[in-house]
Amino acid sequence: MAASLKNLFSTLPHFPTTRSFSLSLSVYLSPPRTHFFVGSVLLLLLLLPLFFCLLPASFADTSSDAAAETLVSRLLSTSATASCASLSAVEETEKRSPRDGGADEVGDVNSCDIFDGNWVMDDSEPVYRPGSCPYIDDAFNCFKNGRPDSDFLRFRWKPYGCQIPRFDGRKMLKMLRGKRLVFVGDSLNRNMWESLVCALRESLVDKNRVFEVSGKREFRTQGFYSFRFLDYKCSIDFIRSPFLVQETMSRTLRETLRLDVIQDSSSKYRDADLIVFNTGHWWTHQKTFKGQNYFQEGNHVYEKLEVTDAYSKALKTWAQWVDANIDSNRTRVFFRGFSASHFRGGQWNSGGNCEGETQPITEETQLAPYPWMMRTLESVIAEMKTPVLYLNVTKMTDYRKDGHPSIFRQPEASRGDGMVQQDCSHWCLPGVPDSWNELLYAILQISGYGSPSNNPWISGSFQ
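Let me sum up the structure you'll find in this document. (Residues numbered from 1 in each chain as written. Predicted model: local features only at pLDDT ≥ 70, side-chain atom pairs only at ≥ 80, totals over all residues. Heavy atoms only, no water.)

## Observations regarding the overall build of the chain
For step 1, the next point in the chain: Looking only at helices and strands, the chain features 15 helices and 13 strands.
For step 2, the next point in the chain: Expressed as a percentage of the 463 residues in the chain, the buried residues total 50%.
For step 3, the next point in the chain: For the chain, long-range pairs separated by at least 24 residues make up 76% of all intrachain contacts whose partners lie at least 6 apart in sequence.
For step 4, the next point in the chain: Working note: accessible area of the chain is about 22400 Å², and carbon and sulfur atoms make up 53% of it. (Helix = DSSP H or I, 4+ residues; strand = E, 2+ residues; numbered from the N terminus. Buried < 20%, exposed > 50% of the residue type's maximum accessible area, 1.4 Å probe, protein only. Contact = heavy atoms within 4.5 Å. Areas by Shrake-Rupley, 256 points an atom, 1.4 Å probe, with all protein chains shown as cover.)

The structure is reproduced here in structure tokens:
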């Protein structure tokens, strides 16, 4: 079940979800003077709010400046014009233009499920241009590999009933100043990690002020990778852990998955400031799904264990580790949900394809059933003592059958004349994962993350 933004913070009783605005009237209530000019100013201040309230809606809402004027007028007139102050949040949201208002217009997000919405056409530029970021893995670089269409870049996720802030790389870097954000999981989290690195890099005037800590471009087989933004003293890291629990190899070269042991890379991120976990697609692979002589607890290797039971055991091991090792006063924990695949006529290793898809699904009735893995995840998170923010991207990704690399996972020269194994699980970059990071940015911005005076990560008000 999709979690609303309100529910995301339901376990955080003191978590600020709205910005409070106040305007001291002491300036206007100074000791009385007899000067006619002062009296005129006071009269003007009393009448000005009424003027703004009576403005026609079509005039008052033509721009973000108009919206700002309306807000100021209402702040000035809380006692003078009750009819103006009585306008509901819904009416305010409806009066705003979805394009006007820029990055700071958020609407009534407190009661809005930001993961329930649809994709709308948006002619604004992507957060980074195709071909502009040198850090995209070749398998995700559809532009470099010759994908001819670009309409898939023109869609923006729009929640029903509210407006989320547009991604602003500079603002996010300021929020992350001195912090370490780590993505832990499979290659879909690597997809999201690369997207964020490129989006943040795009906001830099001097692109040389971000560097690869390991000094290597390709990282498909690397277990750890990191980019550091020098001017903000922050790093954005990726740690490969497709199951979150430990894969092992016995002396007889038999591979098993230890459902009761967290992957040993956990020591590399336990002290991070923000962690985005995921696991999902590897549980659908044939070896994992069959569950024969593969899953292990202690010294016992199950001859047969259903993947649903194994997945639940693994997530509980992860949850226990988080509860025992993560200091929630310092570290924020996110879990990104299952990202939809769109194979037709088979799976990734049996001729499945998504070539030629250039438009999203438009009807909700055409979406796939909600994945069983996400219901399991939700039940595990509900039992944890550590607050976990659930990035439920399943529905929003299910619409986007047009966003996968398909045959453009490799250059044309490498495809040859034979059948090409298509990628209908990962996403082109720029592309869909940019919207995941926009939602991550929205949550951080709305929560006031990075502000010492209004930051539950510092104050410990999560408890």
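There is more to say, and it comes next.
## Regarding the pattern of salt bridges
For step 1, the next point in the chain: Under the definition given, this model contains 20 salt bridges.
For step 2, the next point in the chain: Asp149 is paired through a salt bridge with Arg147; the nearest N and O atoms lie 2.8 Å apart.
For step 3, the next point in the chain: A relative accessible area of 21% means that Asp149 is categorised as partly exposed.
For step 4, the next point in the chain: Take Arg147: its relative accessible area is 9%, and that puts it in the buried class.
For step 5, the next point in the chain: As a salt-bridge pair, Arg209 and Asp231 come within 2.8 Å of each other at their nearest N and O atoms. On the criterion of sequence distance, the pair formed by Arg209 in the loop between helix 8 (187-202) and strand 4 (210-212) and Asp231 in the loop between strand 5 (224-229) and strand 6 (234-240) is long-range, its members being 22 residues apart.
For step 6, the next point in the chain: Take Arg209: its relative accessible area is 32%, and that puts it in the partly exposed class.
For step 7, the next point in the chain: Here the salt bridges do not stand alone but share partners, grouping Asp116, Glu364 and Lys395 into one network. (Salt bridge = Lys/Arg side-chain N within 4 Å of Asp/Glu carboxyl O.)

## Comments concerning the sheet that holds strand 11 (residues 300-301)
For step 1, the next point in the chain: With respect to topology, 4 strands assemble into an open sheet ordered 7-8-10-11, the strand pairing being mixed. Edge strands, defined here as strands with exactly one partner in the open sheet, are strand 7 (245-249) and strand 11.
For step 2, the next point in the chain: Pairing analysis gives 5 bridges linking strand 7 to strand 8 (residues 255-262), with the strands arranged antiparallel. Looking at the pairing, Glu247 lines up with Leu257 of strand 8. (Pairing = 2+ DSSP bridges.)

## Describing the packing of helix 10 (residues 307-325) against helix 11 (residues 372-382)
For step 1, the next point in the chain: Orientation of helix 10 relative to helix 11, taken along the N-to-C sense of each, is 35 degrees, at an axis distance of 10 Å. Along this stretch, helix 10 crosses helix 11, giving a crossing that reads as right-handed. In this structure, helix 10 uses Val307, Thr308, Tyr311, Ser312, Leu315, Lys316 and Ala319 to contact helix 11, whose residues at the interface are Trp372, Met373, Met374, Thr376, Leu377 and Val380.
For step 2, the next point in the chain: By residue class, the composition of the contact of helix 10 with helix 11 is 9 nonpolar, 3 polar and 1 charged. (Axes fitted to C-alpha atoms, helices over the stretch in contact; angles between N-to-C directions. Left-handed = near helix turned anticlockwise from the far one by under 90°. Nonpolar A, V, L, I, M, F, W, Y, C, P; charged D, E, K, R; others polar.)

## Digging into the side chain of Thr317
For step 1, the next point in the chain: One can find Thr317 in helix 10.
For step 2, the next point in the chain: Here the side chain of Thr317 touches Leu259 through a polar contact of 2.5 Å, landing on its backbone oxygen.
For step 3, the next point in the chain: The residues touching Thr317, leaving out its near neighbours within four places in the chain, are Val245, Leu259, Asp260, Val261 and Ile262. (Polar contact = N/O pair within 3.5 Å; in protein donor to acceptor, adjacent residues only side chain to side chain.)

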